[in-house]
Every structure is written in C-alpha cells, then in structure tokens.
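# Fold and contact review
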Amino acid sequence: MTTVVPVTPTHPAFDQFAALFDDYRAHYGQPSAPGNTRSWLHEQVIQHRLTAAAAIRAVDVCGFITVTIMPASLMLGTAWSIRDLYVAPDHRRTGIANALLQHTIHHARTAGAHRVSLQTETDNIPALTLYTHIGFQPVTGLELLNLTLNPTHQDPEDTA
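Residues numbered from 1 in each chain as written. Predicted model: local features only at pLDDT ≥ 70, side-chain atom pairs only at ≥ 80, totals over all residues. Heavy atoms only, no water.

This brings us to helix α3 (residues 96-110). The terminal C-alpha atoms of α3 lie 21 Å apart, and with 15 residues this matches the ideal 21 Å at 1.5 Å per residue to within 8%. Buried residues in α3 make contact with β1 (2-6), β2 (51-57), β3 (60-72), β4 (77-87), β5 (115-117) and α4 (125-134). Looking one or two residues beyond α3, the residue adopting positive phi is G112, at roughly 85°. (Helix = DSSP H or I, 4+ residues; strand = E, 2+ residues; numbered from the N terminus. Expected span 1.5 Å × (residues − 1). Contact = heavy atoms within 4.5 Å.)

This part covers the side chain of H103. You can see H103 is positioned in helix α3. Residue classification places H103 among the buried residues on the basis of a relative accessible area of 16%. H103 has contacts with V4, P6 and A53, leaving out every residue within four places of it along the chain. (Buried < 20%, exposed > 50% of the residue type's maximum accessible area, 1.4 Å probe, protein only.)

Attention now goes to the packing of aromatic side chains. Under the criterion given, the structure shown has 11 aromatic pairs. Relative to Y86, the ring of Y24 lies with its centre 5.3 Å away and its plane at 55°, an arrangement referred to as tilted. Residue Y24 is found in helix α1 (residues 14-27), and its partner Y86 is found in strand β4; the two are separated by 62 residues along the sequence. Arranged with centres 6.1 Å apart and planes meeting at 65°, the rings of Y131 and F136 form a pair that is edge-to-face. By relative accessible area, F136 is classed as buried at 14%. Ring pairs connect the aromatic residues F14, F17, F21, Y24, Y28, W40, F64 and Y86, which therefore count as one cluster. (Phe/Tyr/Trp six-rings, centres within 6.5 Å; stacked < 30°, edge-to-face > 60°.)

As a further point, take unusual backbone geometry. For H48, which is not glycine, the phi torsion reads 60° and is therefore positive. You can see H48 is positioned in the loop between α2 (34-46) and β2. By relative accessible area, which is 72% here, H48 ends up exposed. Even without glycine at this site, A58 takes up a positive phi of about 60°. Among the residues examined, A58 registers a relative accessible area of 74% and is labelled exposed.

Right, let's get into the packing of α1 against α2. What describes two packed helices is the angle between their axes and the distance between those same axes. Close contact between α1 and α2 brings their axes to 9 Å; oriented N to C, the two are set at 115°. For the element pair α1 / α2, the angle class is roughly perpendicular. As α1 packs across α2, the resulting crossing turns out to be right-handed. Facing F14, D15, F17, A18, F21, D22 and R25 of α1, the residues of α2 in contact are P34, T37, R38, W40, L41 and H42. By residue class, the composition of the contact of α1 with α2 is 7 nonpolar, 2 polar and 4 charged. (Axes fitted to C-alpha atoms, helices over the stretch in contact; angles between N-to-C directions. Parallel < 35°, antiparallel > 145°, perpendicular 65-115°, else oblique. Left-handed = near helix turned anticlockwise from the far one by under 90°. Nonpolar A, V, L, I, M, F, W, Y, C, P; charged D, E, K, R; others polar.)

Before going further, it helps to examine the pattern of salt bridges. Counted under the stated rule, the structure contains 3 salt bridges. The residue R38 makes a salt bridge to D15 at a minimum N-O spacing of 2.5 Å. In this pair, R38 sits in helix α2 while D15 sits in helix α1, placing the two residues 23 residues apart along the sequence. Its salt-bridge partner being R25, residue D22 comes within 3.5 Å of it at the nearest N-O pair. Here D22 pairs with R25, and both are found in helix α1, just 3 residues apart, close to one helical turn. Overall, the relative accessible area of 24% leaves R25 in the partly exposed class. (Salt bridge = Lys/Arg side-chain N within 4 Å of Asp/Glu carboxyl O.)

Quick look at the structure:
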C-alpha cells in the first residue's frame, strides 16, 4: 500500500525524500550533490517556496511531488504549479505518480485554488498520457519564455 504524506524538514522521511530528489536531478543530467540537494530542499520548504509530498511504501520513499503556490492576481486567488514529479525507477507503472497527482489536486481543491498546472517535455509520452487521462489540458495561445541569468555576470546598468 502507498501512502502520500506532506514532507517537511522535520518529517522522518525528509532525508529519504532528499536522497530521491538527488537521484531525480541526476536522472536529468545534473551532478549528484546529496548534501547540497538536502540543504536546498530544506531552505525551499522552510521559506514556503515549495511544498512537498512523498509516496511511501512500507518504509521507503518511492516518489515525490513538489508544488509552488502562486497568487492568481486576476482571479484574486491562487494557482498551484507542479514543479517536480518523480517516481523511483523500480516503482514506476504502479500508480504512484497518479497517487501523487491526486493528492495534490485534492489539496489544491480544498484550498480553493483556481487551477493546477504543470509542464513536461513534448516527447515525454508516458507523462503526457497520464496527465491528459487525469484531465490536464494543453494550453494554447501562450509561449514559455525564459531569461537565463548568470549569477557571475554583472548587469551593464550596475556598472554605470
């Protein structure tokens, strides 16, 4: 049986969650950094920049989801954005991702959120299939734009 629980730095499963998060980063090509990952997650959760939930089977964290809650200015409410969703490879295709998503949707509804959104790569067919099956719809008419900031690069206006 899988249980989905909110995870904070004081939760007994936080270290397992942080270790799995580090695996998730490595899965996407980032170098493993367990201590830095744990510290970063600790700060993000304590500062309320992220909320996190873990899927636990027996005593093992086998998946997680992180969410940011943002103001929805025009609606005078909130919008929830799923930032990360990961299931350990040996637990995939067992309903864990669905359980994590349903947990988040339930809590967003209970909190009165106007929407839950997420993004994934266009070629991630298993994820897209799950998301659309649950009811997520592609957004048309919007473009995702990024401005990558280099923290060591000085803005020309700062030198004037």
